[in-house]
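Understanding the architecture of this molecule
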Amino acid sequence: MVARDDVVVGGISNLKFEITMHTAVDGFLRSLRIERNASPLTLKSYAEDFNSLYDYLQDRVGRIPEPSETDISMLRGYVAYLHECQYAKTTIARRLASLRSFFRYCAREKLTTSNPAKALRTPRTGRKLPSFLTAQQTVTLVEAPPSDEPSGLRDRAMLETMYSAGLRVAELVGLNLSDWDQDANVLRVRGKGRKERIAPVGSHASTALHEWLAVREVAEDARPEEREAVFLNRFGKRLTTRSVGRMLEKYVKANGLDSKTSPHSLRHTFATHMLDGGADLRSVQELLGHKSLTTTQIYTHVSTQRMRETYDKAHPHSQPARGRKS
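Source: prediction; values computed, not measured. (Residues numbered from 1 in each chain as written. Predicted model: local features only at pLDDT ≥ 70, side-chain atom pairs only at ≥ 80, totals over all residues. Heavy atoms only, no water.)

1. Remarks on the overall build of the chain
Secondary structure summary: the chain contains 14 helices and five strands in total. A buried classification covers 40% of the 326 residues belonging to the chain. In the chain, 55% of the contacts between residues at least 6 apart in sequence involve partners at least 24 apart. Carbon and sulfur atoms form 50% of the exposed surface of the chain, whose accessible area is close to 19500 Å². (Helix = DSSP H or I, 4+ residues; strand = E, 2+ residues; numbered from the N terminus. Buried < 20%, exposed > 50% of the residue type's maximum accessible area, 1.4 Å probe, protein only. Contact = heavy atoms within 4.5 Å. Areas by Shrake-Rupley, 256 points an atom, 1.4 Å probe, with all protein chains shown as cover.)

Printed below as a string of structure tokens:
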């Protein structure tokens, strides 16, 4: 903080301090990392949200005000700007959540006297049903990688593991050799917020993992944390999430599957197939590592929709008869 002026009142120096928006945001992100154990990916998302705010303020207001100078009219202007740019409602909702959390932090740290973002209205986003694969499409995808070369064995092991354990792609590439208990056939998974959970490994994934580990080779110059990685690239170092996305896209295109299929689609597929198979919602919540049951409930809508479609196609009296008055 930098002293703005020095006013003497009754012989006592009354120092007023200013703190820039950038400094306040840095402090906020630091508090998320230390107090909430936020993941690097979460911190990156928050930082991107604030970079968007900086750009707007600099362009439309002409400067980036201090947190104490920021008022509701500025923030409403920012929200209107996001709508003008036709950002998705989900993106706008996330950025508003970032602003509320930030100004709540500022109020707590006495950087502002109130939270100007509190009155902002979040747009109704609705809930998109997640994309997923049918059982046959899943078989087609996981059997697509060639089994006569190391990269193919690795790719099949990754696809089988994501589908078998319902992993996020970041959780997959973050797996270490010590995370797989081969006796119990379970994985120790580090999820969002660095929370850990245990995920079962199915027989197909277990076989695929054994076949991959038999040919896995580590680069000589790999760092210790890379040597521990389960999944390595062609240079013998830990894979990135982007590499997994490119790998999946290749097999999706080659096999004529839905182009919207992403690594996260396998997680959706896992949850949908579990519920279709009779698993209870609480168990699926625990397996996915969801904090709230509400997040998991979206998959019940998927299963219900599929049930309705099946009923409409199969039941003779599901649709009104032609010419019959209702």
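There's plenty left to go through after this.
2. Re the environment of serine 101
The residue serine 101 is located in helix 4 (residues 89-108) in this model. Of the residues examined, serine 101 reaches a relative accessible area of 10% and is grouped as buried. Sequence separation between serine 101 and leucine 32 is 69 residues; the distance between their C-alpha atoms is 10.0 Å. Here serine 101 is in contact with Phe28 and Tyr46, once residues within four sequence places are set aside. At 3.4 Å, the side chain of serine 101 and the side chain of arginine 104 are in polar contact. (Polar contact = N/O pair within 3.5 Å; in protein donor to acceptor, adjacent residues only side chain to side chain.)

3. Here's the deal with the side chain of threonine 161
Along the chain, threonine 161 falls in helix 6 (residues 150-165). Since its relative accessible area comes to 2%, threonine 161 is described here as buried. A distance of 2.6 Å separates the side chain of threonine 161 from the backbone oxygen of alanine 157, its partner in a polar contact. Those residues in contact with threonine 161 that lie beyond four places of it in its chain are Gly166, Leu167, Leu172, Leu175, Leu187, Ala205, Leu209 and Phe231.

4. Description of a positive patch on the surface
A cluster of basic side chains, namely Arg36, Arg104, Lys195 and Lys291, defines a positive patch on the protein surface. Tracing the backbone shows arginine 36 in the loop between helix 1 (21-35) and helix 2 (40-61). In this structure arginine 36 comes out as exposed when scored by relative accessible area, which is 51%. (Patch = residues over 30% accessible without salt bridge, like charges linked within 9 Å, V, L, I, M, F, W, Y side chains within 5 Å. Salt bridge = Lys/Arg side-chain N within 4 Å of Asp/Glu carboxyl O. Lys, Arg positive; Asp, Glu negative; His and termini not counted. Charge placed at Lys NZ, Arg CZ, Asp CG, Glu CD.)

5. Focus: the side chain of threonine 261
Relative to the helices and strands, threonine 261 is located in the loop between helix 10 (241-254) and helix 11 (263-276). We classify threonine 261 as buried; its relative accessible area is 12%. Here the side chain of threonine 261 touches aspartate 258 through a polar contact of 2.8 Å, landing on its backbone oxygen. Setting aside chain neighbours within four positions, we find threonine 261 in contact with Leu133, Leu248 and Val252.

6. What to know about the packing of aromatic side chains
Centre-to-centre distance and the angle between the planes together describe a pair of aromatic rings. With the rule as written, the count across this model stands at nine aromatic pairs. With centroids separated by 5.6 Å and ring planes inclined at 50°, the aromatic side chains of tyrosine 56 and tyrosine 78 adopt a geometry described as tilted. With tyrosine 56 in helix 2 and tyrosine 78 in helix 3 (residues 72-84), this pair connects stretches of sequence that are 22 residues apart. Summarising the burial analysis for this pair, tyrosine 56 and tyrosine 78 share the class buried. Consider the rings of phenylalanine 102 and phenylalanine 103, whose centres lie 4.9 Å apart with planes at 65°: the pair is edge-to-face. Taking the relative accessible area as the measure of exposure, phenylalanine 102 reaches 0% and is therefore buried. An aromatic cluster of at least three residues, connected via ring pairs, comprises Phe28, Tyr46, Phe50, Phe102, Phe103 and Tyr105. The aromatic ring of tyrosine 87 is capped on one face by arginine 95, whose charged end is 4.8 Å from the ring centroid. (Phe/Tyr/Trp six-rings, centres within 6.5 Å; stacked < 30°, edge-to-face > 60°. Lys NZ or Arg CZ within 6 Å of the ring centre and 35° of its normal.)

7. Quick word on helix 2
Spanning 22 residues, helix 2 covers 31 Å between terminal C-alpha atoms, matching the ideal 32 Å at 1.5 Å per step. Buried within helix 2 are the following residues: Leu43, Tyr46, Asp49, Phe50, Ser52, Leu53, Tyr54, Tyr56 and Leu57. Packed against the buried residues of helix 2 are helix 1, helix 3 and helix 4. (Expected span 1.5 Å × (residues − 1).)

8. Points about the packing of helix 6 against helix 8 (residues 203-213)
Contact geometry for helix 6 and helix 8: axes closest at 8 Å, N-to-C directions at 150°. Between helix 6 and helix 8, the angle is such that the two are roughly antiparallel. Judged by the sense of rotation from one axis to the other, the crossing of helix 6 with helix 8 is left-handed. Two secondary-structure elements touch here, helix 6 through Pro150, Leu153, Arg154, Arg156, Ala157, Glu160, Thr161 and Ser164 and helix 8 through His204, Ala205, Ala208, Leu209, Glu211 and Trp212. Within the contact of helix 6 with helix 8, the residues separate by chemical class into seven nonpolar, three polar and four charged. (Axes fitted to C-alpha atoms, helices over the stretch in contact; angles between N-to-C directions. Parallel < 35°, antiparallel > 145°, perpendicular 65-115°, else oblique. Left-handed = near helix turned anticlockwise from the far one by under 90°. Nonpolar A, V, L, I, M, F, W, Y, C, P; charged D, E, K, R; others polar.)

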